[in-house]
Amino acid sequence: MDYYDDNDNENLEVMLLLEAVNAKYGYDFRSYARASIKRRIRHRMSVSGIKKITEVIERLIYDKSFFTDLLGDFSISTTEMFRDPGFFQALRKTVFPVLQRLPFIKIWVAGCSTGEEVYSLAILLREEKLYEKSMIYATDYCNKSLTTAKEGIYNIKSIKKYAANYIQAGGIQSFSDYFKAEADSAAIDPSLRQNMVFSIHNLAADGVFGEMNIILCRNVLIYFNRELQNKVFGLFTQSLEEGGYLCLGSKETIRLSTYSDNYDEMLRDEKIYRRNSAPVSYSKPSAHPVATPEFVTKGGELIRDVKAKMEELDYLLNSVGSLPGQS
Amino acid sequence: MKYEAIVIGTSAGGLDAVKTLCAHLPADFSVPIAAVLHLHRNTKDDLITLLNREIRLTVKYAEDKEQIQKGCLFIAPPDYHLLIEDDRTFSLSVDEPVNYSRPSIDVLFESAADVFREHIIGIILTGANKDGSLGLRRIKERGGTTIVENPRTAQYSEMPLAAIAEVEVDYILDINEITNKVMELLLRSKCKTS
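In this text, all values refer to a predicted model and were calculated from it rather than measured experimentally. (Residues numbered from 1 in each chain as written. Chains lettered and ligands numbered in written order. Predicted model: local features only at pLDDT ≥ 70, side-chain atom pairs only at ≥ 80, totals over all residues. Heavy atoms only, no water.)

(A) Helix 2 (residues 46-54) of chain B, seen in detail. Residues and elements named next belong to chain B. Of all the positions in helix 2, only Leu47, Ile48 and Leu51 are classed as buried. For helix 2, the arc enclosing every buried residue in end-on projection is 95°, short of the 170-degree limit, so these residues lie on one face. In helix 2, the exposed positions that point more than 90 degrees away from the buried face belong to Asp46 and Arg53. Buried residues belonging to helix 2 abut helix 1 (14-22), strand 3 (58-61) and strand 4 (72-75). (Buried < 20%, exposed > 50% of the residue type's maximum accessible area, 1.4 Å probe, protein only. Helix = DSSP H or I, 4+ residues; strand = E, 2+ residues; numbered from the N terminus. Arc of directions from axis to C-beta. Contact = heavy atoms within 4.5 Å.)

(B) How the structure looks around the environment of Leu21(B). All names here are of chain B. Residue placement: Leu21 occurs in helix 1. In this structure Leu21 comes out as buried when scored by relative accessible area, which is 4%. Residues Leu21 and Thr179, spaced 158 residues apart in sequence, show a C-alpha to C-alpha distance of 5.6 Å. Once you skip the residues sitting within four places of it in the chain, Leu21 turns out to touch Ile8, Ile123, Leu125, Ile175, Ile178 and Thr179.

(C) Main features of the pairing of strand 10 (residues 272-275) of chain A. All names here are of chain A. Relative to strand 10, strand 8 (residues 240-248) runs antiparallel, the two being bridged by 3 bridges. For Leu246, the partnering residue across the bridge sits in strand 10 and is Tyr273. Pairing geometry for strand 9 (residues 263-267) and strand 10, over 4 bridges, is antiparallel. The residue of strand 10 that forms the bridge with Tyr263 is Arg275. Two successive antiparallel strands, strand 9 and strand 10, enclose a turn made up of 4 residues, where Lys271 displays a positive phi of approximately 55°. (Pairing = 2+ DSSP bridges.)

(D) Representation of the interface of chain A and chain B. Contact residues are listed per partner, giving 31 residues for chain A and 30 residues for chain B. Around 2700 Å² of area is buried between chain A and chain B when both sides are counted, 42% of it from carbon and sulfur atoms. Applying the counting criterion to the chain A and chain B interface returns 7 salt bridges. Note that Arg83(A) is salt-bridged to Asp79(B), the shortest N-O span being 3.3 Å. Along the contact surface separating chain A from chain B lie 14 residue pairs in polar contact (both at pLDDT 80 or more). Elements supplying a minimum of two residues to the side of chain A that touches chain B: helix 1 (3-25), helix 2 (34-48) and helix 9 (226-239) of chain A. Top element by residues in the side of chain A that touches chain B is helix 2 of chain A. It accounts for 7 residues. (Buried area = accessible area lost by both parts, 1.4 Å probe. Salt bridge = Lys/Arg side-chain N within 4 Å of Asp/Glu carboxyl O. Polar contact = N/O pair within 3.5 Å; in protein donor to acceptor, adjacent residues only side chain to side chain.)

(E) View of the packing of helix 5 (residues 85-99) of chain A against helix 6 (residues 116-127) of chain A. Residues and elements named next belong to chain A. The geometry of helix 5 relative to helix 6 is characterised by a closest axis approach of 11 Å and an angle of 45° between their N-to-C directions. In terms of their interaxial angle, helix 5 and helix 6 are classed as oblique. Seen from above, helix 5 lies across helix 6 with right-handed handedness. Seen from helix 5, the contacting residues are Phe88, Leu91, Arg92 and Phe96; seen from helix 6, they are Glu117, Ser120, Leu121, Leu124, Leu125 and Glu127. Partitioning the contact of helix 5 with helix 6 into residue classes produces 6 nonpolar, 1 polar and 3 charged. (Axes fitted to C-alpha atoms, helices over the stretch in contact; angles between N-to-C directions. Parallel < 35°, antiparallel > 145°, perpendicular 65-115°, else oblique. Left-handed = near helix turned anticlockwise from the far one by under 90°. Nonpolar A, V, L, I, M, F, W, Y, C, P; charged D, E, K, R; others polar.)

(F) Here's a closer look at the environment of Tyr166(A). All names here are of chain A. Take Tyr166: it is sitting in helix 8 (residues 156-168). Of the residues examined, Tyr166 reaches a relative accessible area of 1% and is grouped as buried. Sequence separation of Tyr166 and Pro85 is 81 residues, and the distance between their C-alpha atoms is 6.9 Å. The contacts of Tyr166, once residues within four sequence positions are left out, are Phe82, Ile123, Glu127, Gly171, Ile172, Gln173, Phe175 and Tyr178.

(G) The sheet that holds strand 2 (residues 33-37) of chain B, seen in detail. All names here are of chain B. In space, the 7 strands of this open sheet follow the order 3-4-2-1-7-8-9, with parallel pairing throughout. In this open sheet, the two edge strands, each paired with only one partner strand, are strand 3 and strand 9 (171-173). Within this sheet the neighbouring strands show an average axis-to-axis angle of 20°, counted without direction. Bridging between strand 8 (residues 145-149) and strand 9 involves 3 bridges; their strand directions are parallel. The partner of Val148 across the bridge, within strand 9, is Ile172. Packed onto the sheet, helix 1 meets strand 1 (5-10), strand 2, strand 4, strand 7 (120-124) and strand 8 and runs at close to 150° relative to strand 1.

(H) Geometry of unusual backbone geometry. Residue and element names in this part refer to chain B. The omega torsion across Arg102 and Pro103 is 5°, close enough to zero to call that bond cis. Mapped onto the fold, Pro103 is located in the loop between strand 6 (90-93) and helix 3 (105-116). One non-glycine residue, Lys65, lies in positive phi territory at about 70°. Locating Lys65 in the fold gives a position in the loop between strand 3 and strand 4. When its relative accessible area of 9% is taken as the criterion, Lys65 is described as buried. Even without glycine at this site, Arg88 takes up a positive phi of about 65°. Here Arg88 lies in the loop between strand 5 (81-84) and strand 6.

Okay, here's the thing in structure tokens:
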């Protein structure tokens, strides 16, 4: 048996599968790190009793519900509240004091998955009395994850684990105050959702996202190949205000990308970078700017941006309305 | 046939076993080594410092997208799975724990088997759970060479026993014999190719 051939065939099959997913459903996983993708395909194969990747391709083309399951496999990412407590402590101690000066804080949690980090951030902002002037934009390409994020209902067992993280992160309240516990689940305090906007955004395909003060994207980029990582760093650089913060996962770095010079290392171990004033050279300007997919998404962004602005305005008007003596 | 990588998986008692295994390897050892030790998620870099003091290879946590190089012992960072890509770089993931473990030995071994096929040696050492046996099986299926520490002399026998039950392993050896076997395999494979 020739093992070489076998493996080459499998790589070919994976490539064709990702092409099919992109062509048929518009989800582009072609620039994802392959080893994890392969694991997930194999998982779906063993669950569905499928022997060959070629059969997976056939199933996903003709059977939408099968594709939905596969997409679910691709999007699974385990996240937790206050993962890496040291990072959240650093955010509280080093970054937030700088934000106190700003009249309004815009935060983008890119690839927010099921929302655990979004709420961690909201809790932190509230405890530092910054929440009222913050707007958190939480995005993910996966609608199912985003729905969970919006609901903010988590398994009670996980909550217990998060409580320990919260304490290590320097939490100043009783963690249970932020939840309403049921039998085996706990729902997050809905007031934490007040200044949050959840929306679909695909880092692999969609464009820039407003002038942010903080972009949080932790343990998402490790799933991308180097090229896509670089592209996303470009996206972040365009979306971040000068002096804004980029927060990555503990094993991620911007240093290997072409945007390295545009950031100062604030806290090396916690992977908090600060956008400096160095001029940005975007790596690949499109040769045909008209009618490219990017161009189309740009339109979508503009609309989204306007929507965000309106929401901000709404929020400001609301807060004016609730000033003492105004109601 | 020339070996291009060695992967090691171990859990309880693993730190001493890895030290013993690597103690006599030269600083410019020709085959890169990647290892999963089940470490507590809050393990600090002390472990790396400690290992660097005791062995001549350069010991470091594997970084995302880092190229696999000879002369190095790459350790899977705590709380991340470590995988190997076709272009011989590492990638990390925070996928769910496998066998209650992150990093999981199965995850590293399975991806390494895909990339290196018969050009790899997979080694399972002391440990108190079953992680690694399926990964070792994949290495064997793809034509790689498999070594398991002798469960009778290993500090913890469960992991070696699980691997032996799952795979028809090529060599079952005491920890002190493994380094010599590895050297012998490398030497033999070099003679064949030249």
